[in-house]
Amino acid sequence: MNSNESDRRRFLKEGAVALAGGVALGATPGHAQEGRGEKKLANVDDPKYAGAVPVSADWEAYGVPSRFAGSKRTAWRLLPLGVPAQLHQVTLYTPLQNQAGIITPSGLHYTVNHSGTAYPDIDPQKHRLLIHGMVERPLIFTMEDIKRLPSVSRIHFLECNANTRPTGFGRGKENWQTPQQTHGWASCSEWTGVRLSDLLRQVGVKKGASWVISEGADQVRFTDSIPLSKAMYDTLVVYAQNGEPIRREQGFPLRLFTPGFAGVHNVKYLRRIEVVDQPQLSHFEIPMHAERRPAPGRPGGWITHRFQIGPKSVILRPSGGQQLPGVGYFEITGLAWSGAGAVRKVEVSTDNGRTWQVAQLQQPVLNKAFTRFSVNWNWDGEEAVLLSRCTDDLGQIQPSLAQYAEAMLGPSARANPGVYPVDPKGGFFSMCNAIQPWKVTRDGSVINAMFF
Amino acid sequence: MRCSSSLALLMAVVLAACETAGAQAPDYKNVGRTPTREEIQALDLTVLADGTGLPSGSGTPKQGAAIFAQKCFYCHGPTGEEGPGPRLSRDANSVPVATTIFDFIRRAMPMDREGSLSADEVYSLVAWIFYRNHIIQEDDVMDAKSLPKVQMPNRNGFFPAVNTGWDPKGTRPNGIYH
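A. View of the overall build of chain A. Along its length, chain A carries seven helices and 24 strands. Looking at chain A as a whole, 57% of its 452 residues are labelled buried. Look at the contacts in chain A between residues 6 or more apart in sequence, and 69% of them connect residues 24 or more apart. Surface accessibility of chain A: about 18,600 Å² in total, with carbon and sulfur atoms responsible for 53%.

B. View of the overall build of chain B. If you tally the helices and strands in chain B, you get six helices and three strands. A total of 178 residues make up chain B; the buried ones form 46% of that total. Relative to all contacts within chain B whose residues are 6 or more apart in sequence, the contacts with residues 24 or more apart total 64%. For chain B, the exposed area adds up to about 9,000 Å²; of that, 53% sits on carbon and sulfur atoms.

C. Main features of the interface of chain B and chain A. Of the residues lining the interface, 67 residues belong to chain B; the matching set on chain A comes to 75 residues. With both sides pooled, the region where chain B packs onto chain A buries about 6,000 Å², and carbon together with sulfur makes up 62% of that total. Two residues, Arg272 of chain A and Asp44 of chain B, come together in a salt bridge whose shortest N-O distance is 3.2 Å. Counting residues per element, the side of chain B that touches chain A draws most heavily on helix 5 (residues 98-108) of chain B, at six residues.

D. Just the state of the cysteines, in detail. Residue and element names in this part refer to chain A. This model, assessed by the stated rule, comprises zero disulfides over all chains. Among the cysteines around Cys188, which has no disulfide bond, Cys390 carries the closest sulfur, lying 13 Å off. The class of Cys188 is buried, set by a relative accessible area of 0%. Lacking any disulfide linkage, Cys432 is separated from the closest cysteine sulfur, that of Cys160, by 12 Å.

E. Expanded view of unusual backbone geometry. With an omega of -5°, the peptide bond between Arg317 of chain A and Pro318 of chain A qualifies as cis. With respect to the helices and strands, Pro318 of chain A occurs in the loop between strand 16 (312-317) and strand 17 (328-337). The peptide bond linking Met109 of chain B to Pro110 of chain B adopts the cis configuration, its omega dihedral lying at -15°. Tracing the chain through its elements places Pro110 of chain B in the loop between helix 5 and helix 6 (119-132). The phi torsion at Tyr269 of chain A lies on the positive side, around 55°, for a residue other than glycine. Relative to the elements of secondary structure, Tyr269 of chain A occurs in the loop between strand 12 (255-257) and strand 13 (270-276).

F. Just the pattern of salt bridges, in detail. Considering all chains together, one arrives at 24 salt bridges over all chains under this definition. Measuring nitrogen to oxygen at the nearest pair gives 2.8 Å for the salt bridge that ties Arg73 of chain A to Glu249 of chain A. Here Arg73 of chain A is found in the loop between helix 2 (57-61) and strand 1 (74-77), whereas its partner Glu249 of chain A is found in the loop between strand 11 (244-245) and strand 12, with 176 residues between them in sequence. Where Arg306 of chain A meets Glu291 of chain A, a salt bridge forms, and the shortest distance between an N and an O atom there is 2.8 Å. Here Glu291 of chain A lies in strand 14 (residues 291-292) and Arg306 of chain A lies in the loop between strand 15 (302-304) and strand 16, a separation of 15 residues in the sequence. Counted as one network, the salt bridges with shared partners bring together Glu215, Arg271, Arg272 and Glu274 of chain A together with Asp44, Asp103 and Arg107 of chain B.

G. Seen up close, the packing of helix 3 (residues 61-71) of chain B against helix 6 of chain B. Residue and element names in this part refer to chain B. Contact geometry of helix 3 with helix 6 gives a least axis separation of 7 Å together with a crossing angle of 105°. If you check the angle between helix 3 and helix 6, you find them roughly perpendicular. Across from Pro61, Gln63, Gly64, Ala65, Ile67, Phe68 and Lys71 in helix 3, the residues of helix 6 making contact are Glu121, Ser124, Leu125, Ala127, Trp128 and Tyr131.

H. Spatial organisation of the nonpolar core. Within the largest apolar cluster, 98 residues are counted, with the highest numbers of intra-cluster contacts made by Leu129 and Leu200 of chain A together with Phe130 of chain B. Looking at which element gives the most residues to this core, the answer is helix 6 of chain B, with eight residues. Setting aside anything within four residues of it in sequence, one finds Leu200 of chain A in contact with Ile131, Val205, Val212, Leu228, Ala231, Met232 and Val275 of chain A. Ranked by size, the runner-up nonpolar core spans 13 residues in total, among them Ala162, Trp191, Leu236 and Val238 of chain A.

I. The pairing of strand 5 (residues 139-142) of chain A, seen in detail. Residues and elements named next belong to chain A. Inspection of the sheet shows strand 4 (residues 128-133) paired to strand 5 by four bridges, in the antiparallel sense. Across the sheet, Ile131 pairs through a bridge with Leu139, a residue of strand 5. If you look at the hairpin formed by strand 4 and strand 5, you'll find five residues sitting between the two strands.

What counts, and where the lines are drawn
- Residues numbered from 1 in each chain as written.
- Chains lettered and ligands numbered in written order.
- Predicted model: local features only at pLDDT ≥ 70, side-chain atom pairs only at ≥ 80, totals over all residues.
- Heavy atoms only, no water.
- Helix = DSSP H or I, 4+ residues; strand = E, 2+ residues; numbered from the N terminus.
- Buried < 20%, exposed > 50% of the residue type's maximum accessible area, 1.4 Å probe, protein only.
- Contact = heavy atoms within 4.5 Å.
- Areas by Shrake-Rupley, 256 points an atom, 1.4 Å probe, with all protein chains shown as cover.
- Buried area = accessible area lost by both parts, 1.4 Å probe.
- Salt bridge = Lys/Arg side-chain N within 4 Å of Asp/Glu carboxyl O.
- Disulfide = S-S within 2.5 Å.
- Axes fitted to C-alpha atoms, helices over the stretch in contact; angles between N-to-C directions.
- Parallel < 35°, antiparallel > 145°, perpendicular 65-115°, else oblique.
- Core = buried A, V, L, I, M, F, W, Y, C linked by side-chain atoms within 4.5 Å.
- Pairing = 2+ DSSP bridges.

Structure below.
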C-alpha cells in the first residue's frame, strides 16, 4: 500500500519517465523497486511471501495447475521416444476420474493421432480451407476469413470408436483398472466455430450430392467421409475449444466437428472439404474403422461407416484403482453421454444390477454432451458391484457386456459371457458402450470387474 | 434391405434426407475467394472407387518389387511379411475397392516421407501388392484405366451401417446395433 502511494506521488512529481525502469504501478510489494535497480524490499526472500512471487513470466501469461493438483494425461506411443518423431503414433488418455463437472480441461482432453507422425505445427497464416467438388462456386478460405463468419459455440463430447476396448494401443490386463485406462478416450469441451452448413450454402451444393469428404493437412493427409445430411445438420468447422484456439494436438488451427459421431470423423488440421456423391472408401474408413462381422446373409461381411456413438455412462467415483477410506457416506458420481442426443436418465446399481435407482442429473442436460450424474450411497463395508446405465432421449438403453457382445456377434455370443467379443480373425469391435462394473472389495479397494 | 450386398447402397442411402442449397443462402460478401485450378489440383488428393482422380502414370509388379526393396522394406520387411509394419499379404478381403490402396500409399506412405512417391511409383507398388495377393497377373500393368477395373476378392462383402434414408432430425438411431 505505502509503496504504491509513494510511487504515485513520485509519478505526479516527476512524470512517467521517472518510472520508466519497467515498474508497474500497483505491483506487489516484493517487486515495487526491482525494475529500477534499487535495493529490493527486505521481505522479498521471506518464505512467508513465497506464494506472492510468481514462478515465471510464462506462468503469469498462461496459468498452470497447482503443483499439488497433478492430474495428467497418459501417453501410449507406437514406438519409444528417441525414435525419429515422424514414426510416432501417439495417443493421450484423459484422467476422467479426476474430472469435476462436465468440461474436460483443454490440456487434459484426449487425442488419438492417426497421422502416424508427430503433431503438425501449422502456421495459421499459411493455412487454407478449400471447399470444392459438386458445388456451384468453389471457395478457398484463410483462417481470418473463417473467423469473420458467424460463429456458434456448442458443448459436446468427443469419443474415439476404440474407447473401452481392452485390446490394442498397449492395453491389456495389467493396465485396465482406472477410468483413464478404460474410458480415457472420451472428453467434453465447448467448441466454437462456423456451421459447415453455412459454408456449404456459400459454395452452393449441387443436386445429386450426398457425401462430404474431409481431409487434414497432417503428414498422412488423413481423410474421411460423412453423409451430406450430417454435414448440413449440425457439423461444425471449429477453431476454438474452451475459449481459446484449439490445441495443437486437437488439430490447430482448424478441425471438423461432428457432434455425436465417433472421433475419427472429426478430422484435424482440416484443409479441404469436397462435396461428392459417394463415400470415398479411403483406407482410413475401410478397414481401419470397419468391422468384420459375418452373419447369415453376409458371409465374410464387413460392417462399415458406423457413425454414431451409443448411450454410455461410467461411474468415476468410486472407480477402479481408488481406495475407499472406510464405511460411511459416499456420493457415487460419474458421466453419461449419447451421440443420439441428450441423456434422458441414468440409473445406478450397487448390487450388480439386482436393483437400480434413478440418479440425479446435473443441470443443464445438454445435447450430445457429458452429463454428470450422482446418487447418495452409504457403504456398509460389504463387497459391492457398482453399475451405471444410461438411457438417451431416443429411448436407447446402454447395453450390458453380454448384450453388446450379442449385438456384435449374434446369438452365439451367449456362449462366452464376460468375454470381450472378437471377430473371426481375432480382431476387436469398436464403439463398446457396455455397462462398466466396479467392484468395491471389503478392504475398500475398487477394482475393474469387466472382462478380467 | 440391409442384406443387399452392394456398396452402391451407400451412394443412394442419404439422398432422401439431403437438403440442397436453398435460395435463402446468406451472402457473406468478400469472405473467401475462388481458388485457382492449380490450387485445387495441388490439394485435391481424392480418388473415388470408379477411378475419378487417379493421376496419369503406370507401373508393373516387377517395377513395384524394385521400389519396395528400396523404400518400403525397412518397415514392412524384405518380403512385406516380416514387419514391424503391417503385413501386406495378410488380408485382401479387408479392402473394398482397388483404388483404396492407391490412395493410401500416395497420401500416407512411406511413413517417414509421406507424399514423396511419384504416381508411377505408386502404381508400381499397387501392382506389386496386388500381384502378391493373387489379384492380378505378373505382367499386368496398373494405370488410371486398369486400376479401377481390378476386382477386389471381397467386393460384395461390405455393408454400411448407415440406415437407408437416415435423417439426423429423425428418431432412428444411426448404425449402432444390428
